[in-house]
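# Structural characterization, general
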Amino acid sequence: MSKLEDIVSLCKRRGFIFPGSDIYGGMAGTWDFGPLGVMLKKNLMDSWWHFFVEKRDDMYGVDAAILMNPRTWEASGHTATFADPLVECKECKSRFRADKIANNITESVTTEEFLNTHTKCPVCGKENWGPIRKFNMMFETHVGAVLPDDNAELADKNKAYLRPETAQGIFTNYKNIVDTIYPDLPFGIAQQGKSFRNEISPRDFILRDRECYQMEIEYFVKPDTWEENFEKMRALQHDFLANVAGLKSEDIHEYEVPAEDRAHYSKRTIDFMFDYPNGEEELMGLAYRTDFDLANIARESGKSMEYRDKKTNETFVPHIIEPSIGVERLFLAVLSTAYTEDEIDGEKRTILKLPTHLAPYKFCVSPLLKNKPELVEKAREVYNLLKEKYTFVTWDDSGNIGKRYRKQDEIGTPKCIVIDFDTLEDDTVTIRDRDTATQIRKKIAEL
Ligand SMILES: [Zn+2]
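Residues numbered from 1 in each chain as written. Predicted model: local features only at pLDDT ≥ 70, side-chain atom pairs only at ≥ 80, totals over all residues.

## A look at the overall build of the protein
So the rule is basically this: Strands here mean DSSP runs of E at least two residues long; helices mean DSSP runs of H or I at least four residues long; both are numbered from the N terminus. For every residue, the other C-beta atoms within 10 Å of its own C-beta are counted; 20 or more classify it as buried, 12 or fewer as exposed, and values in between as partly exposed. C-beta atoms are placed from the backbone. Residue pairs are scored as contacts if the distance between their C-beta atoms, which are placed from the backbone, is within 7 Å.
When you go through the protein residue by residue, the secondary structure sums to 15 helices and 23 strands. Viewed in the frame of its principal axes, the protein has a C-alpha envelope of about 75 × 65 × 50 Å. Burial statistics for the protein: of 447 residues in total, 33% are counted as buried. Taking as baseline every contact in the protein between residues at least 6 positions apart, the subset at least 24 positions apart corresponds to 62%.

This is the structure in structure tokens:
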């Protein structure tokens with residue numbers, strides 16, 4: 001089994017992530033986060049928010065609507081260019097993203113270039129392809145009362161999209177924020193939220209799914225300062241990934257995206273790649289978007305996006321540096337870093353070595369024996385005390401103590417606290433450390 005399969009299996013077994021709509025046979029590219037997954041994801045998102053927004057003086061938050069006026073996507077270029085090269089096998093009718101099944105081609109591959117790769121159909125093994133077609137990845141919907149037998153014109157007039165990125169909800173609020181908060185440049189606007197992409201072939205667990213949480217910052221800068229601000233943001237991302245998300249810097253590789261592969265709006269992009277269990281994949285991106293977005297909005301809306309410098313009275317359209325990360329991608333990077341197998345006294349075990357601030361539970365409290373009321377009562381007392389103080393505390397009196405340790409190791413609980421007969425005598429408890437499996441005794445008052 002690959003490590004990814006082990007992680008998927010652990011996620012299901014312990015209630016981190018379930019396949020979406022599993023009970024009805026699933027829904028490709030969707031995943032449901034269970035109780036433990038919600039806690040870890042929330043810790044990750046809160047840590048990001050704390051690091052990039054709350055701790056700083058130059059960042060502001062927004063939470064924009066998922067449904068946006070379709071002109072947003074006209075202005076941003078998504079209606080025209082947010083598309084993947086779709087190719088269909090004429091033999092078995094399977095559809096694929098051409099650049100994902102052939103080697104050494106990009107998203108802008110032509111039919112001829114694709115045919116020259118002599119790629120075989122991953123499903124039936126034949127080589128009989130239709131032409132490359134552009135498939136727009138935005139999910140369409142209709143806003144308001146549109147019936148199936150309404151005419152196409154009405155349907156078109158009411159067409160909207162589930163947002164394919166959170167960034168546009170930031171750009172469209174730039175003017176609101178400048179007019180209400182009067183921030184000095186440089187400043188950033190941050191948003192966390194769901195975005196939707198109709199991936200042709202979702203795969204690799206939560207890496208390529210059809211809806212995901214994004215955490216994005218648009219950092220507005222004076223045009224001639226973009227380079228220094230880009231470097232500042234770049235260093236900040238590494239700081240977050242290493243010191244908050246707990247990733248190893250040797251697993252992160254910067255990839256300077258060459259001009260021909262960059263998104264249509266970007267003058268410089270660095271992809272932060274991560275060594276996932278199944279190979280290197282993009283974890284996050286850092287892009288210099290120039291004034292592309294604000295200029296588009298100014299053109300489409302007819303409203304000025306100029307910023308007036310309070311000291312010099314100079315006016316200009318700010319340029320933008322954008323760090324963008326997918327929560328699920330980060331979640332999987334954190335899990336693959338934390339996932340460890342070792343042996344304790346000849347017995348194999350699986351541990352999630354999560355940083356304490358990310359672990360779903362910080363402590364697990366249990367009585368040594370479930371059938372001794374005096375132990376249970378004392379353990380409840382300790383549990384309530386810790387719960388008051390640390391919130392993220394769990395109770396476990398199932399099975400024997402060894403089984404409880406295995407379970408807490410698997411969900412990443414850093415410390416297990418056991419109440420035994422000595423506790424009743426001297427008010428000390430056993431504290432067992434997740435990573436080393438060593439045990440010490442401590443007074444309850446010192447916890
Ligand atoms: Zn086929």
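Picking up where we left off.
## Some thoughts on the pairing of strand β19 (residues 363–367)
Stated formally: At least two bridges found by DSSP between two strands are what make those strands a pair. We call a crossover right-handed when, viewed with both strands directed away from the observer, the connection leading from the first strand over the helix to the second proceeds clockwise.
Of all five residues in β19, five are buried; the element is thus mostly enclosed. Both β19 and strand β20 (residues 393–395) contribute to a ladder of three bridges, which runs parallel. When the bridges of β20 are listed, Val 365 appears paired with Trp 395. For the handedness criterion, the β-α-β arrangement of β19, helix α13 (residues 373–390) and β20 is classed as right-handed. In the sheet, β19 pairs with strand β21 (residues 415–419) via five bridges, with the strands oriented parallel. Paired with Pro 367 across the two strands is Ile 419, which belongs to β21.

## Structural notes on the sheet that holds strand β23 (residues 439–443)
Which entries qualify depends on this criterion: Angles here are taken between N-to-C directions and fall from 0 to 180 degrees, while the axes themselves are lines fitted to C-alpha atoms, restricted in helices to the stretch in contact.
If you walk across this open sheet you meet the five strands as β20-β19-β21-β22-β23, and the pairing is mixed. Edge positions in the open sheet fall to β20 and β23, since each of these has one partner strand only. Averaged over all adjacent pairs, the angle separating strand axes in this sheet is 30°, with direction ignored. Each of β19, β21 and β22 (428–433) is contacted by helix α14 (residues 401–411), which is oriented at about 160° to β21, the strand it contacts most.

## Here's the deal with the domain arrangement of the protein
Note the cut-off: Marked domain ranges trace back to an automatic or database domain assignment.
Per the domain assignment, the segments of the protein are domain 1 (3–66 + 160–176 + 185–288 + 320–335) and domain 2 (361–446). Taking the mean C-alpha position of each, domain 1 and domain 2 sit 36 Å from one another.

## Here we look at helix α12 (residues 327–338)
Put simply, the rule reads: Helices are assigned an expected span. That span is 1.5 Å times one less than the residue count.
Counted at 1.5 Å a residue, the expected span for α12 with its 12 residues is 16 Å, and the 16 Å between its end C-alpha atoms agrees. Extensive coverage of α12 is indicated by the burial of nine of its 12 residues. When α12 is considered as a whole, its buried residues turn out to be Val 327, Glu 328, Arg 329, Leu 330, Phe 331, Leu 332, Ala 333, Val 334 and Leu 335.

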